[in-house]
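# Residue-level structure breakdown
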Number of protein chains: 2
Amino acid sequence: MGARIVIDTLGGDNGAQVCVEGAVEGLKKHPGVSVILTGKKKELDKLLSKYEYDKNRLTVIDCTEEITCHDAPVEAVKKKKDSSLVVGLNQIKEGKADALVSAGSSGAVLAGASFIVGRAKGVKRTPLAPLLPTAKTPSLLIDCGANVDAKPEVLVQFAQMGSIYMQNVMGIKNPTVAIVNIGTEEEKGNALVKSTYPLLKECKSINFIGSIESREIPAGKADVILTEAFVGNVILKLYEGLSKMLLEEIKGAMKSTVVSKAGALLIKRSLKKTLSRFDASNKGGAPMLGLKGLVVKVHGNAKKNEIASAIEQCNRFVKKDVSGKIIRGLEAQNEEQSK
Amino acid sequence: MGARIVIDTLGGDNGAQVCVEGAVEGLKKHPGVSVILTGKKKELDKLLSKYEYDKNRLTVIDCTEEITCHDAPVEAVKKKKDSSLVVGLNQIKEGKADALVSAGSSGAVLAGASFIVGRAKGVKRTPLAPLLPTAKTPSLLIDCGANVDAKPEVLVQFAQMGSIYMQNVMGIKNPTVAIVNIGTEEEKGNALVKSTYPLLKECKSINFIGSIESREIPAGKADVILTEAFVGNVILKLYEGLSKMLLEEIKGAMKSTVVSKAGALLIKRSLKKTLSRFDASNKGGAPMLGLKGLVVKVHGNAKKNEIASAIEQCNRFVKKDVSGKIIRGLEAQNEEQSK
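So, a few notes on the structure that sits alongside this text. (Residues numbered from 1 in each chain as written. Chains lettered and ligands numbered in written order. Predicted model: local features only at pLDDT ≥ 70, side-chain atom pairs only at ≥ 80, totals over all residues. Heavy atoms only, no water.)

Let's shift gears to the overall build of chain A. The number of helices and strands found in chain A is 11 helices and 11 strands. A compact globule built from 339 residues would reach a C-alpha radius of gyration of about 20 Å, and chain A, at 21 Å, matches this within 12%. For chain A, the C-alpha atoms occupy an extent of roughly 65 × 60 × 35 Å along the three principal directions. Taken over 339 residues, chain A has a buried fraction of 57%. Summarising the internal contacts of chain A: among those between residues at least 6 apart in sequence, 71% fall at separations of at least 24. Total accessible area on chain A is roughly 14,700 Å²; 52% of this is exposed by carbon and sulfur atoms. Where the 50 positive side-chain charges of chain A centre and where its 37 negative ones centre are 4 Å apart. (Helix = DSSP H or I, 4+ residues; strand = E, 2+ residues; numbered from the N terminus. Rg over C-alpha atoms; globule rule 2.2 N^0.38 Å. Buried < 20%, exposed > 50% of the residue type's maximum accessible area, 1.4 Å probe, protein only. Contact = heavy atoms within 4.5 Å. Areas by Shrake-Rupley, 256 points an atom, 1.4 Å probe, with all protein chains shown as cover. Lys, Arg positive; Asp, Glu negative; His and termini not counted. Charge placed at Lys NZ, Arg CZ, Asp CG, Glu CD.)

Below, the structure is given as structure tokens:
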């Protein structure tokens, strides 16, 4: 059996339309998958009527409330019990779904996932781990979530979860793990990195390759980029902001003269091809790991393509039993340590 | 009288040649300035013989040792007493110079500056503060130095020093200060940011505008970007690494087909103009603030242009009495707090 995936159709910038498009495509591509759409039934039925799809594999659950990015996340999750997000997360809690995909408020998705779905056995904290585009294959940046000021033992678990994810969902064999640091020598770093480093070296279930300076991240030097959530958040958002600014400046330069405009036309095709490699939307969204199920945060402005990719991502996660592998992996590590 | 500036001619990737070229240009442009070159006298004299310059304003001090990036910084500074860096820093200590510019090992420059030149009165820690290129004017990123895990009071001093620097050396009136955070709401952040935020709000001598997410840094949202050194180092190096990777990918795309190559020729000129705005070398180097004098770290691969700009930067720093302003500013703040 394939994965049972909830798509939260409210809260994203592009509305329910892209969710319906993505769901229909996902169903077509992945025969085992079934989809539950949570949102405004009337609107969803109307949108769905335009497509052909296997009706046995798609359900709509009507919800009367919506969580927006203006809501205080924790409060919203507690109070808006009939919101598309909360109803969707409860589907996982009640064993009726395996995964949820949402383009809604990051804070609410993270808070809801912790409160409603809950941590899997043995998991100390649940990290959010987006993929970063690099010059090589994408790297998993773990953690960018809400676990600021995390402890060393927590970071070690993140390294293990990230490795299991990259191996099973992204198909990277023996993925390399590096910890973000301000130099590559072992004695470098802040208090947290210095205490975490030896624990990572001892951890047999990961392929730890030492420290990574942030300068090396875009080159694709490691498959799993381990860091505490504050630093991870800074890296993720700087990645986005700097790429955007540089590309805008370059576009501006291309449009600045008649000659450069002509040149821009000629390089357009090659440039588009290159830049599409940096488009994360075909990789799905950022998984929140270590839950009793899977919650995937896609971009607020996600389109059909990103929703469909997230369905594929969830399906692989479930088929490869990543949750089970994480639980057993952490258990084995605990036994190893208590010897 | 203009500034008396030491140029450490050893340790940079491009050797003494670029230091001599930069010094000669600096002397020409800034009539009040005098320069002391520390390094291999024989080589320096030979290089200097090719240029015309005011011989009364340039001195060479012969040094028998060199600190390289392979040396352990602290040890090197303590043991290599006749290195161009240590001899240069001693010139400041002995009151014979006001500032030093070095392209050598960052670690050794930072360690040497602390040990030999020492902190100015009232300064808790001495931050390293490079300028970041943005879509607007450059922003000062403070701190990227060796003060990891700094305390809130230390960050407040950094905000004050950064503001004084931007106002006096970069000519920004009433510079805005923002603290790097993972959200813009006041309750967001890690423990350090949460304790520092209220202190910044109370500090009357700075123009504090709240939190900044790293995504907004490239847009030029604040003049002084305040952060603890670990995060600052991550930001600085990611800025460098990501810009480099993106530009290489774009260059690769331009060269990928015959058509795109033709296009690249047409946009070359406009693109060069745009990218030169992102070239930090015409802004001098990263100042280390709060010392009894000024130490400027230029890039390891600095060329003539960057050395000459650093001379200008040092000259402004000295002429505007930035050190004095920092000492008096911190004193006033202390008095304010003890009221």
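Picking up where we left off.
Residue and element names in this part refer to chain A. Within strand β2 (residues 34–39), 5 of the 6 residues are buried, which leaves it mostly tucked inside the rest of the structure. Where strand β1 (residues 4–8) and β2 come together, 5 bridges link them in parallel fashion. From the neighbouring strand, Asp8 faces β2, where its bridge partner is Thr38. After leaving β1, the chain enters helix α1 (residues 15–29) and then returns to the sheet as β2, a path that is right-handed. One ladder, built from 5 bridges, connects β2 with strand β3 (residues 58–62); its direction is parallel. (Pairing = 2+ DSSP bridges. Right-handed = clockwise from strand over helix to strand, strands pointing away.)

Another aspect to go through is the pattern of salt bridges. Tallying each qualifying case throughout the model produces 32 salt bridges over all chains. Where A:Lys29 meets A:Glu25, a salt bridge forms, and the shortest distance between an N and an O atom there is 3.4 Å. Here the residue A:Lys29 and the residue A:Glu25 both occupy positions in helix α1, the gap between them amounting to 4 residues, near one helical turn. Given a relative accessible area of 54%, A:Lys29 falls into the exposed group. A:Glu25 sits in the partly exposed class, given a relative accessible area of 21%. B:Glu240 is paired through a salt bridge with A:Arg215; the nearest N and O atoms lie 3.2 Å apart. Note that B:Glu240 is positioned in helix α8 (residues 229–254) and A:Arg215 in the loop between β8 (207–212) and β9 (224–226), a pairing that runs across two chains. Three or more residues joined by partner-sharing salt bridges are found here, namely A:Glu213, A:Arg215, B:Lys237 and B:Glu240. (Salt bridge = Lys/Arg side-chain N within 4 Å of Asp/Glu carboxyl O.)

Residues A:Val259, A:Leu266, B:Val259 and B:Leu266 make up a contiguous nonpolar surface patch of about 290 Å² in total accessible area. Those elements that place two or more of their residues in the nonpolar patch are α9 (258–276) of chain A together with α9 (258–276) of chain B. For B:Val259, the position within the fold is in helix α9. (Patch = residues over 30% accessible without salt bridge, like charges linked within 9 Å, V, L, I, M, F, W, Y side chains within 5 Å.)

Right, let's talk about unusual backbone geometry for a bit. The phi angle of most residues is negative, glycine excepted, and most peptide bonds adopt the trans form. In this structure, A:Asp149 is a non-glycine residue whose phi angle is positive, near 55 degrees. Mapped onto the secondary structure, A:Asp149 falls in the loop between β6 (139–142) and α6 (152–168). What makes A:Asp149 partly exposed here is its relative accessible area of 38%. One non-glycine residue with positive phi stands out, namely B:Asn174, at about 45 degrees. Tracing the backbone shows B:Asn174 in the loop between α6 (152–168) and β7 (176–180).

Relating the two copies of this chain is a rotation about some axis coupled with a shift parallel to it. Each copy superposes on the other: chain B lies on chain A with an RMSD of 0.0 Å after a rotation of 180 degrees and an axial shift of 0.0 Å. The transformation just described matches what one would write down for a two-fold rotation axis. Within chain B, B:Gly263 has its C-alpha nearest the rotation axis, a separation of 1.9 Å. (Least-squares fit on C-alpha atoms with pLDDT ≥ 70 in both.)

Moving on to helix α11 (residues 322–338) of chain B. Residue and element names in this part refer to chain B. Over its 17 residues, α11 runs 24 Å from end to end, which matches the ideal 24 Å to within 8%, given 1.5 Å per residue. Taken residue by residue, α11 has Val322, Gly324, Ile326, Leu330 and Gln333 as its buried positions. Looking at the buried positions of α11, the neighbouring elements they touch are α6 and α10 (304–319). (Expected span 1.5 Å × (residues − 1).)

Here we take up the environment of B:Lys80. Residues and elements named next belong to chain B. Structurally, Lys80 can be placed in the loop between α3 (73–79) and α4 (84–93). With a relative accessible area of 21%, Lys80 lands in the partly exposed category. Once the C-alpha coordinates of Lys80 and Thr64 are considered, the two residues, 16 residues apart in sequence, prove to be 9.2 Å apart. Excluding residues within four positions of it along the chain, Lys80 makes contact with Glu65, Glu66, Ile67, Asp71 and Val86. Looking at Lys80, its side chain comes within polar contact range of the side chain of Asp71, at 2.9 Å. (Polar contact = N/O pair within 3.5 Å; in protein donor to acceptor, adjacent residues only side chain to side chain.)

Let's shift gears to the sheet that holds strand β7 (residues 176–180) of chain A. All names here are of chain A. Taken together, the 5 strands give an open sheet; going across it, the order is β5-β6-β9-β7-β8, and neighbouring strands pair in mixed fashion. For this open sheet the edge positions go to β5 (131–132) and β8, each flanked by a neighbour on one side alone. Pairing of β7 with β8, which is carried by 4 bridges, proceeds in the parallel orientation. Note that in β8 the partner of Thr176 across the bridge is Asn207.

Between chain B and chain A, the contact holds 49 residues from the first and 49 residues from the second. Of the roughly 4,500 Å² buried where chain B meets chain A, counting both sides, 75% is carbon and sulfur surface. Interface area lost by chain B to chain A is led by B:Ile182, B:Phe230 and B:Leu238, which between them contribute 15%. Between chain B and chain A we count 4 salt bridges in total. For B:Lys237, the salt bridge is made with A:Glu213, and the minimal N-O distance between the two is 2.3 Å. Taken together, the connections running from chain B to chain A amount to 14 residue pairs in polar contact (both at pLDDT 80 or more). (Buried area = accessible area lost by both parts, 1.4 Å probe.)

Another point: the packing of aromatic side chains. Going through the model one piece at a time under the given rule, you end up with 4 aromatic pairs over all chains. Both rings, one in A:Tyr165 and one in A:Phe317, keep their centres 6.2 Å apart while their planes meet at 45 degrees; by these two values the pair is tilted. In this pair, A:Tyr165 is assigned in helix α6 and A:Phe317 in helix α10 (residues 304–319), connecting sequence segments 152 residues apart. We note that A:Tyr165, like A:Phe317, is buried. Above the plane of the ring of B:Tyr53 lies B:Lys55, whose end atom (NZ or CZ) is 4.6 Å from the centre. (Phe/Tyr/Trp six-rings, centres within 6.5 Å; stacked < 30°, edge-to-face > 60°. Lys NZ or Arg CZ within 6 Å of the ring centre and 35° of its normal.)

Ranked by internal contacts, the top residues of the largest apolar core, which has 173 residues, are A:Leu37, A:Ile235, B:Leu37 and B:Ile235. For A:Leu37, the contacting residues outside a window of four places in its chain are A:Ile7, A:Thr9, A:Val20, A:Ala23, A:Leu44, A:Leu48, A:Leu58, A:Thr59, A:Val60 and A:Ile61. (Core = buried A, V, L, I, M, F, W, Y, C linked by side-chain atoms within 4.5 Å.)

A separate point is the sheet that holds strand β3 (residues 58–62) of chain B. Residue and element names in this part refer to chain B. Spatially, 6 strands are ordered β3-β2-β1-β4-β11-β10 in an open sheet, and the strand pairing comes out mixed. Edge positions in the sheet fall to β3 and β10 (286–288), since each has one partner strand and no second. The sheet shows a mean angle of 25 degrees between the axes of neighbouring strands, direction not considered. When β10 meets strand β11 (residues 294–297), the two strands line up antiparallel, connected through 3 bridges. Counterpart to Ala286 in the pairing with β11 is Lys297. (Axes fitted to C-alpha atoms, helices over the stretch in contact; angles between N-to-C directions.)

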